[in-house]
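# Survey of secondary and tertiary structure
The chain contents come next:
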Amino acid sequence: MLRNLLLFLLLIGLSNCSYTIKVKDGTTAHELKQYSRAIPMLQKDFERTKGRTDKGKIAYRIADSYMHLAQDEEALRWYQLAYENNYGPEALKGSAYQLKKLERYKEAGAAFKELGIEIGSPYEYRKELTACTVASGWKDEESNSGWMVSTTNFNSPQNDFAPVTFSDGRIVFTSDRAISLGDKSYDWTGNKFNDLFIVEAEGASPQSFDPRLNTPEHEGPICFDSAYNEAFLVKTLPVEKGNKDIFCKIYVVQKDGDSWSTPRPLPFQKENINYLHPCLAPDGNTLYYSCNDPEGWGGYDLYETRRNPATEQGWTEPKILSRNINTNKNEFFPYMQADTLYFASDGHTGMGGLDIFKSYPLTERSWAPVQNLKAPINSGADDFAFLVTQQNKNATKVNSLILSGFFTSNRPGGSGGDDIYRFEKRVPPPAPPKVDTLPKQETEMHMYLEIYVLEKIFSKPNDPNSTVLGRKPLEGSSLTMDVNGKQEQLKETETPGLFKIELKPDQEYKFVAQKEQYLNNSNRFSSRGLRLSKQNPMQVFELEIVLDKKYINQEIVLENIYYDFDKWDIRQDAQPTLNKLAETLSQNPDIRIELGSHTDCRGGDDYNQSLSQKRAESAVAYLINQGIDSQRLKAQGYGESQPAASCVCNRCTEAEHQQNRRTTFKIIE
């Protein structure tokens, strides 16, 4: 269940644990991520609507809802309907990814190629074109792989995922099946909230795992230490009044007789960040997990922390795993079997959604380049949560068992949403010998970094508030590299917007990109932990730097800045956006900006004007505290005088009111 955005939300509603109010119209339900509720209402709207453009908008919302519910065929049908009704490149993009999820790789490749042409940037989808070709080849190799996959007896029509073994050999897993605790349904999926269940490996009737761990809220996934006296699990807490969002945290429990102690959150976790998928390494002292910390490489990344009784928290400061593991997309579900790390990712080259990969440590902090487990373990659907229950590293006889265990997938042919599958890997017959006619040469090892300087492609040219269709290389830009305080001007290659260097191990690189009439921007790359092997003697990494055009006296909306009712203080969830703006101002000391604040139409004119002015001043004060000179900042409250959505006040939807409640900035010098 991933799709090409933040997937874990869809996997089980756990990647961004959001709880939302109930609504009566499909558009608002979709905006609030109540996808199971939105679809029937939107379908009625589609039938009643006459104009093609309006039908296209509704069809896209229906497709997006089906996509988030992992109903791929229906999502594809509605994306195609949206495209036929003038919705544009976003609908074609949805169709391309759905075709890939459905393993229709030739059609998907053609759609990605057409999409690149339509938005004016073949660059944007070049990796997807390559992935379609590679995945098609992996499918052809499936019959000779030695892997065998079958469903388990304990799957339900709902979501069942993330199996782990328990002390007595039974399987503990997470599920939102109908017998989960509580009377509420989760409006994202229409199912119950997640609980932990336990079942015999060959059984068909799971039972609730432990009444002291399961609650009417979300629980799971979980992992155990080797003695099964300690467990780490993901939990959410009941929503406080007036709060619509709550985040997932990792909790620890100890065995307490026949039950478990009260869960305690691990102390190193930050606020307003999701912590997911704990995995305790075989040494019992290293904990791996997935996290969407904005200081990571992008999306969800894998981190590790180690027990340290000498510290106040009892754990070391978490460290992000190297670029060999993490990408600018999402990495989930780490699992350590002996010295091998298995995990799921949609950032490495894969077959559709999430694929399962493996790596192993080369040194204390470095990891080998990842390997895709290929078909039939991986598919066009989301494949994740790998578990080994038996391993024989010395197996050599044809058909003898190498590995067996379980994993999760939402591929077609299962019982419902996410299903748990059993796998075996056996020694395959020997492949025909290859005749190598070339003389053997000493393998040279190299690591390269390709840095692309890009600009955004907007659906409405020169409107920075319109939809971003993609990015394209920005020809004629300049790039400065800083390594250990030494700066070097890099030369653009023959490919526009591309710069290339050979990486040195264990270095921290900073790159600053510039072009006239564009705002300077920078990015970093760390080669710490990157290592090569004879099996992977050369690796090429990529880094992107996007430059924004300087739009003088043109208002640009700042995303994700919200205020509590009748308040103007900067909430913690608004800080990352303002921090990014502060960084932009630091990199561009020649510009001066106005921070604007707008309210919706509800409330009196004078009240709204006063409130918006206070909010704008709070944003300015925050930037000053980040080191920005006050002379470069102007606060301006606009109240309700400049609505972004054209609607009569008492007929505006909640989404339109939200569109009008916005914080903006514009360059005034």
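Here, every reference points to the structure presented above.
Note that the structure is predicted; figures quoted are calculated from it, not measured.

Reading the values: rules and limits
Residues numbered from 1 in each chain as written. Predicted model: local features only at pLDDT ≥ 70, side-chain atom pairs only at ≥ 80, totals over all residues. Heavy atoms only, no water. Helix = DSSP H or I, 4+ residues; strand = E, 2+ residues; numbered from the N terminus. Rg over C-alpha atoms; globule rule 2.2 N^0.38 Å. Buried < 20%, exposed > 50% of the residue type's maximum accessible area, 1.4 Å probe, protein only. Contact = heavy atoms within 4.5 Å. Areas by Shrake-Rupley, 256 points an atom, 1.4 Å probe, with all protein chains shown as cover. Salt bridge = Lys/Arg side-chain N within 4 Å of Asp/Glu carboxyl O. Pairing = 2+ DSSP bridges. Axes fitted to C-alpha atoms, helices over the stretch in contact; angles between N-to-C directions. Disulfide = S-S within 2.5 Å. Phe/Tyr/Trp six-rings, centres within 6.5 Å; stacked < 30°, edge-to-face > 60°. Core = buried A, V, L, I, M, F, W, Y, C linked by side-chain atoms within 4.5 Å. Polar contact = N/O pair within 3.5 Å; in protein donor to acceptor, adjacent residues only side chain to side chain.

Along the backbone of the chain there are 11 helices and 33 strands. For the chain, the C-alpha radius of gyration of 26 Å lies close to 26 Å, the compact-globule estimate for 669 residues. Out of the 669 residues belonging to the chain, those deemed buried represent 52%. A separation threshold of at least 6 residues defines the contact pool for the chain, and within that pool the share at least 24 residues apart is 58%. For the chain, the exposed area adds up to about 31,400 Å²; of that, 47% sits on carbon and sulfur atoms.

Attention now goes to the pattern of salt bridges. Opposite charge on two side chains allows them to pair when their charged atoms are near. If you walk through the whole model with that rule in mind, you get 34 salt bridges. Salt-bridge contacts for Glu542 lead to Lys127; the nearest nitrogen and oxygen are separated by 3.2 Å. Within this pair, whereas Glu542 is found in strand S29 (residues 538-546), its partner Lys127 is found in helix H8 (residues 126-141), the two being separated by 415 residues in sequence. Salt-bridge contacts for Lys500 lead to Glu450; the nearest nitrogen and oxygen are separated by 3.8 Å. Placement of Lys500 in strand S26 (residues 498-502) and of Glu450 in strand S22 (residues 446-458) is noted, with a sequence separation of 50 residues between them. Here the salt bridges do not stand alone but share partners, grouping Glu103, Lys139 and Glu142 into one network.

Okay, the sheet that holds strand S19 (residues 383-391) next. Spatially, the 4 strands line up as an open sheet ordered S1-S21-S20-S19, and their pairing is antiparallel. Two strands close off the open sheet at either side, each with one partner strand: strand S1 (147-151) and S19. Ignoring strand direction, the axes of neighbouring strands in this sheet form an average angle of 25 degrees. Here S1 runs beside strand S21 (residues 419-426); their pairing, made up of 5 bridges, is antiparallel. Within S21, the position partnered with Thr151 by the bridge is Tyr421.

This part is about the state of the cysteines. The full count for this structure, using the stated rule, is 2 disulfides. Note on cysteine connectivity: Cys601 is disulfide-linked to Cys649, with sulfurs 2.0 Å apart. Residues Cys601 and Cys649 are joined by a disulfide whose S-S torsion is about 90 degrees; by sign, that bridge is right-handed. Remark: Cys649 occurs in the loop between strand S32 (633-639) and helix H11 (654-660) and Cys601 occurs in the loop between strand S31 (593-598) and helix H10 (605-625); sequence separation between them is 48 residues. For Cys649, a relative accessible area of 31% corresponds to the partly exposed category. The side chain of Cys647 participates in a disulfide bridge whose partner is Cys652; the two sulfur atoms lie 1.9 Å from each other.

Now for the packing of aromatic side chains. Using the criterion set out here, one finds 34 aromatic pairs in the structure. Seen from their ring centres, Phe173 and Phe197 are 6.0 Å apart, and the 25 degrees between their planes marks the pair as stacked. Here Phe173 is found in strand S3 (residues 171-175), whereas its partner Phe197 is found in strand S4 (residues 195-199), with 24 residues between them in sequence. Accessibility assignment for this pair places Phe173 and Phe197 in one class, buried.

Here the focus is the environment of Phe541. Tracing the sequence through the fold places Phe541 in strand S29. Not counting chain neighbours up to four residues away, the residues in contact with Phe541 comprise Arg323, Asn324, Met447, Tyr448, Leu449, Glu450, Leu503, Phe525 and Leu530.

The subject of this paragraph is the nonpolar core. With 26 residues, the main nonpolar core has Phe232, Ile250, Leu266, Tyr275, Tyr289 and Phe384 as its most contacted residues. Contributions of two or more residues to this core are made by strand S2 (160-165), strand S7 (230-235), strand S8 (249-256), strand S11 (275-280), strand S12 (286-291), strand S15 (331-337) and S19. Beyond its immediate stretch of four places on either side in the chain, Phe232 contacts Pro221, Ile222, Cys223, Ile250, Tyr251, Val252, Leu266, Pro278, Leu280, Leu287, Arg307 and Trp315. Ranked by size, the runner-up nonpolar core spans 24 residues in total, among them Tyr551, Tyr563, Ile570 and Leu585.

With that settled, the discussion passes to the side chain of His277. Among the structural elements, His277 can be located in strand S11. Engagement of the side chain of His277 in a polar contact is seen with the backbone nitrogen of Phe333, the distance being 3.1 Å.

With that out of the way, let us pick up the sheet that holds strand S13 (residues 301-306). Ordered by their spatial adjacency, 4 strands build an open sheet running S11-S12-S13-S14, and the pairing between neighbours is antiparallel. At either end of the open sheet lies a strand with only one pairing partner, and these are S11 and strand S14 (319-320). Sheet analysis places S11 next to S12, joined by 4 bridges and oriented antiparallel. Within the sheet, the bridge partner assigned to Leu280 lies in S12 and is Leu287.

Bringing the environment of Ser322 into the picture now. The residue Ser322 is located in the loop between S14 and S15 in this model. Through-space distance from the C-alpha of Ser322 to that of Ile556 is 35 Å; in sequence the pair is 234 residues apart. Discounting residues that sit within four places of it in the chain, Ser322 has contacts with Trp297, Trp367, Arg528, Gly529 and Leu530.

Purely geometric numbers; function is a separate question.
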